[in-house]
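Chain by chain, the residues:
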Amino acid sequence: MRLSISLLFLAHSVTGFSNVGPQVKIGSSLQATTIEPPPLSPLTLWGEKYVNIRKLQEEVRSRPVPEFAPEISAKDLGLSTTAEQLEYFKSNAMELKKRMQSNGAVIFRDFELMKSSEGFQEMYAALGMKVCLDPLHSVSARPTVDGEKNSPVYEAVNKESRKNFFIGMHNEFVGTRAPRAAAFVCLKAAEEGGEFILVDGRKIFRDLSPELVEELYSRGIRYSVMELPFFGWIDNFPSVVQPLIMGFLKGAAEAAINAKVDFSVDLRWEEGGYDNVKMLQARAPSQPPIVTHPVTGDPTWFCNVHSHSSKLRKDRESIYGAERFEDGASQINKSDMYFGDDGDIPNEALEEMDQVTAKNMKYVKMREGDVVLLDNYKCMHGRNVFDGTRKHGVAWFEGWDGEEDTKENFEFS
């Protein structure tokens, strides 16, 4: 009975990562829209492997520190009407997209246009941004701002149950897929806190110690992306039978998960929780922590240790309180990070990465209508804890009009 219950729960957990419906494709006007499925989030572009990562870091350190996340205000530009603001985005689309790539992100302030989800969609359509599905599409369901499955604007993490959860810095990617860019909009600011946080990945690469950079890059990194923590009952069986049961469960779970996601998942038995209960931990493939930007050629930190490390999250609990895992999905979607060869990353290394990340955080207190347009390869993002109600949305982009034409304007050598 215990075995069948666990298998049923496993099947529900994996297949229950629900479908994300088709989104709205923006046409010449929002009233004349055509509903059709957008493309999947594009495959992650890792770039060629660097031969000498320490030498590259030395070269990067010798260059001027690039400007990061400049602000553009509609008031400063004298744009008082939504029509003027929309025309500004249309007329300056290419320049704004170049700034996003050069500066990692652009923060738009005081725009009346983006105070609604519809105006936000008009804004990024005017820029020529190409919408794609949430990268979580194959493994989970992110709600949409208006509750409609066809909406192109997803909810950011606004739940009251997660308000004391500090979302660590991360690039948005799942398995083998990562959007090229994103736009985050504030539709209602939290009464207190809830700042959007940005970090320039190029600065993380510059500031980490050469020894740590070399070890991380040579060994790679690997994430655990899921924990299935309901197998303590196996201990009730005779020890001679337990390996057979565990082997069967591991095989069944791997088949179910790999049939759902579009990247290879490796399951391993671990023990966790306060009572060291048996659990299955799912680990994604090894990957590099530093990648080459697809357009500008900059080497940039592309590693979600700040959000995924179990140790760093637990350290933050002493400041913000314990994570409130209140539902089955939250209990399952626990993560951690290891070296690519499955070795544990020492606490000293995790603390260094945490300190370097914290030093480079840019807190952005967004007001209604503010938008952050960011390059997902250069700019990491997160969210501060908050009180009150918060409603922020996000749209993901597979690319943008004129992306190929901009490559000749950038050169990293």
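Residues numbered from 1 in each chain as written. Predicted model: local features only at pLDDT ≥ 70, side-chain atom pairs only at ≥ 80, totals over all residues. Heavy atoms only, no water.

*Asks:* I would appreciate a short explanation of the overall build of the protein chain in the present structure.
*Replies:* When you go through the protein chain residue by residue, the secondary structure sums to 14 helices and 21 strands. Considering only residue pairs separated by 6 or more positions, the protein chain has 84% of its internal contacts joining residues 24 or more positions apart. Put simply, the protein chain shows about 18,000 Å² of open surface, and 51% of that area lies on carbon and sulfur atoms. (Helix = DSSP H or I, 4+ residues; strand = E, 2+ residues; numbered from the N terminus. Contact = heavy atoms within 4.5 Å. Areas by Shrake-Rupley, 256 points an atom, 1.4 Å probe, with all protein chains shown as cover.)

*Asks:* Would you explain the packing of helix 11 (residues 310-320) against helix 13 (residues 347-359) in this entry?
*Replies:* Two quantities define a packed helix pair, namely the angle between the axes and the distance from one axis to the other. Two numbers describe how helix 11 lies on helix 13: the axes approach to 10 Å, and their chain directions differ by 65°. Considering the relative orientation of helix 11 and helix 13, their crossing is right-handed. In contact with Lys311, Leu312 and Arg316 of helix 11, helix 13 contributes Asn347, Leu350, Glu351 and Asp354. Split into classes, the residues belonging to the contact of helix 11 with helix 13 amount to two nonpolar, one polar and four charged. (Axes fitted to C-alpha atoms, helices over the stretch in contact; angles between N-to-C directions. Left-handed = near helix turned anticlockwise from the far one by under 90°. Nonpolar A, V, L, I, M, F, W, Y, C, P; charged D, E, K, R; others polar.)

*Asks:* So what exactly am I meant to see when it comes to the packing of aromatic side chains here?
*Replies:* Overall, the coordinates contain 17 aromatic pairs when judged by the stated rule. With 5.5 Å between their ring centres and 70° between their planes, Tyr88 and Phe89 make a pair best called edge-to-face. Taking relative accessible area as the criterion, Phe89 reaches 0% and is therefore assigned buried. Summarising the aromatic geometry, the rings of Phe89 and Phe108 are spaced 5.3 Å apart at their centres and angled 75° between planes, so their arrangement reads as edge-to-face. Separated by 19 residues along the polypeptide, Phe89 in helix 4 (residues 82-91) and Phe108 in strand 4 (residues 105-109) bring together distant segments of the chain. Pair check on accessibility: Phe89 and Phe108 agree, each one buried. Clustering of aromatic rings is evident, with ring pairs tying together Trp46, Phe173, Tyr223, Phe302 and Tyr377. The ring of Phe339 has Arg219 lying over it, and the distance from NZ or CZ to the ring centre is 3.7 Å. (Phe/Tyr/Trp six-rings, centres within 6.5 Å; stacked < 30°, edge-to-face > 60°. Buried < 20%, exposed > 50% of the residue type's maximum accessible area, 1.4 Å probe, protein only. Lys NZ or Arg CZ within 6 Å of the ring centre and 35° of its normal.)

*Asks:* I tried to follow the pairing of strand 10 (residues 196-200) on my own but got confused; where do I start?
*Replies:* Walk down a regular strand and you will see the side chains alternate between the two sheet faces. The element strand 10 is largely enclosed, with a buried count of five among its five residues. Here strand 10 shows a buried face lined by Phe196, Leu198 and Asp200 and a second buried face lined by Ile197 and Val199. Alignment of strand 10 against strand 17 (residues 362-364), held across three bridges, turns out to be antiparallel. Residue Phe196 lies in a different strand from strand 17, and its bridge partner there is Val364. Both strand 10 and strand 19 (residues 379-383) contribute to a ladder of five bridges, which runs antiparallel. (Pairing = 2+ DSSP bridges.)

*Asks:* Sorry if this is basic, but what is going on with the pattern of salt bridges here?
*Replies:* Should their charged atoms come close, side chains of opposite charge can pair. Within the structure shown, the criterion is met by 27 salt bridges. For Arg283, the salt bridge goes to Glu270, with nearest N and O atoms at 3.5 Å. Of this pair, Arg283 sits in strand 13 (residues 277-283) while Glu270 sits in strand 12 (residues 266-272), and the two are 13 residues apart along the sequence. When the shortest N-O distance is used, the salt bridge between Asp315 and Lys311 registers 2.8 Å. Linking Asp315 with Lys311, this pair stays in helix 11, spanning four residues, or about one helical turn. Overall, the relative accessible area of 34% leaves Asp315 in the partly exposed class. When salt bridges that share partners are traced, they join Arg222, Asp266, Arg268, Glu270, Arg283 and Asp342 into one network. (Salt bridge = Lys/Arg side-chain N within 4 Å of Asp/Glu carboxyl O.)

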